[in-house]
Amino acid sequence: MNAFIDKMRRRAGRYLDVRPVDIRPARGVLSLSFDDIPASAWTEAGPILAQHGVKATYYVCGGLAGCRNLDLPQFEVEHLQALHAAGHEVGCHTYEHVSTLTLSPTELDASLARNAAWVAERLDGYEMQTFAYPFGDCARTAKPVIDRRFLCGRGVRDGVNTGTADRNLLQAIGLESRRLPGYDLEALIADTAASKGWLIAYGHDVSDDPTPYGCRPEDIDRLIRLAKAADLDIQPVAAAWQVATT
Ligand SMILES: [Zn+2]
């Protein structure tokens, strides 16, 4: 694949076909999310979330169930059912974990339909309401497809969603060991509270020895403590959408 063309296509996805939405919750909002769902995102992070009484969003690809990725076990269907039963949101991340830059709108729609059917079959007819782009890749032509099926789509570009945001490409910070040292989390939380914005964080595996894309349990604990101290409203993405945009 041509890296330069992909870069231009990501840029087109970011700047074109923006569907603006006003973000104005009564107070700042934090959403925690986990992409792909390595097993540890539930087995390690789940107890921390429960301890704080916080619900998160888990972005699932049906095609990754029971697989290994980055040499780590991904979720089993039982994990997905348990986190759903515990009140966490399940969101869509395509069926195959594929970049939208590689799919026609018809192919993307088929992947979303396949994932929706896979999830509904295992979660008692549950319908996913929000989407996260695999690899953060948002093709311009993907946006109308995401817009038709979901409340909103989340990318991986750093930043707090404040003022006017693109509903099909919300910004998010990575709870990733490769990125965390570069963030001033206190400042991000303070900005979110002061601007009454919506901060979304995403992670992958959770362990004391995480991959570059994962974080440690204490990183999640710290973020939640900071958010609570700043009186942020901590909600899964679909619930946050409701309080932030209406
Ligand atoms: Zn992913």
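These notes cover the structure that comes with them. (Residues numbered from 1 in each chain as written. Predicted model: local features only at pLDDT ≥ 70, side-chain atom pairs only at ≥ 80, totals over all residues. Heavy atoms only, no water.)

### So, the coordination of the zinc ion
Thinking step 1. At the metal site, the zinc ion is ligated by Asp 36 (OD), His 93 (NE2) and His 97 (NE2), and these contacts range over 2.0 to 2.1 Å.
Thinking step 2. Between the donor residues of the zinc ion, the gaps in sequence give the motif D-x56-H-x3-H.
Thinking step 3. What makes His 97 buried here is its relative accessible area of 18%. (Donors = N, O, S within 2.8 Å, 3.2 Å for Na, K, Ca; no water. Buried < 20%, exposed > 50% of the residue type's maximum accessible area, 1.4 Å probe, protein only.)

### Here's the deal with helix α5 (residues 105-122)
Thinking step 1. Over its 18 residues, α5 extends 26 Å from the first C-alpha to the last, a length consistent with the 26 Å expected when each residue adds 1.5 Å.
Thinking step 2. Considered for burial, the residues of α5 that qualify are Leu 108, Ser 111, Leu 112, Asn 115, Trp 118 and Val 119. Projected down its long axis, α5 shows its buried positions confined to an angular sector of 125°, all on one face. Exposed and oriented more than 90 degrees from the buried face of α5 are Thr 106 and Glu 121.
Thinking step 3. On its buried face, α5 sits against β3 (57-60), α4 (77-85), β6 (89-92), β7 (130-132) and α6 (143-149).
Thinking step 4. Backbone geometry just after α5 places Asp 124 at a positive phi near 55°. (Helix = DSSP H or I, 4+ residues; strand = E, 2+ residues; numbered from the N terminus. Expected span 1.5 Å × (residues − 1). Arc of directions from axis to C-beta. Contact = heavy atoms within 4.5 Å.)

### Quick word on the side chain of Ser 40
Thinking step 1. Mapped onto the fold, Ser 40 is located in helix α2 (residues 39-43).
Thinking step 2. Within polar-contact distance, the side chain of Ser 40 engages the backbone nitrogen of Val 206 at 2.9 Å.
Thinking step 3. The contacts of Ser 40, once residues within four sequence positions are left out, are Ala 45, Asp 205 and Val 206. (Polar contact = N/O pair within 3.5 Å; in protein donor to acceptor, adjacent residues only side chain to side chain.)

### Some remarks on the pattern of salt bridges
Thinking step 1. Within this structure, the stated rule accounts for 17 salt bridges.
Thinking step 2. Notably, a salt bridge pairs Arg 149 with Asp 109, separated by 2.8 Å at the nearest N-O pair. Here the residue Arg 149 occupies a position in helix α6, and Asp 109 occupies one in helix α5, the gap between them amounting to 40 residues.
Thinking step 3. Its relative accessible area of 26% is what places Asp 109 among the partly exposed residues.
Thinking step 4. Measuring nitrogen to oxygen at the nearest pair gives 2.9 Å for the salt bridge that ties Arg 216 to Asp 219.
Thinking step 5. Judged by relative accessible area, Arg 216 falls into the partly exposed class, the value being 33%.
Thinking step 6. A residue is classified by how much of its surface remains accessible, and Asp 219, at 14% relative accessible area, is buried.
Thinking step 7. Among the ionic contacts, a cluster of salt bridges with common partners joins Arg 19, Asp 147 and Arg 167. (Salt bridge = Lys/Arg side-chain N within 4 Å of Asp/Glu carboxyl O.)

### A closer look at the packing of helix α3 (residues 45-52) against helix α8 (residues 217-229)
Helix packing geometry: the angle between the two helix axes and the distance between the axes.
Thinking step 1. Where α3 meets α8, the axes come as close as 10 Å, and the angle between the chain directions of the two elements is 20°. Classed by the angle they form, the pair α3 and α8 counts as roughly parallel. Seen from above, α3 lies across α8 with right-handed handedness. Where α3 approaches α8, its residues Ala 45, Ile 48, Leu 49, Gln 51 and His 52 are matched on the opposing element by Pro 217, Ile 220, Asp 221, Ile 224, Arg 225 and Lys 228. (Axes fitted to C-alpha atoms, helices over the stretch in contact; angles between N-to-C directions. Parallel < 35°, antiparallel > 145°, perpendicular 65-115°, else oblique. Left-handed = near helix turned anticlockwise from the far one by under 90°.)

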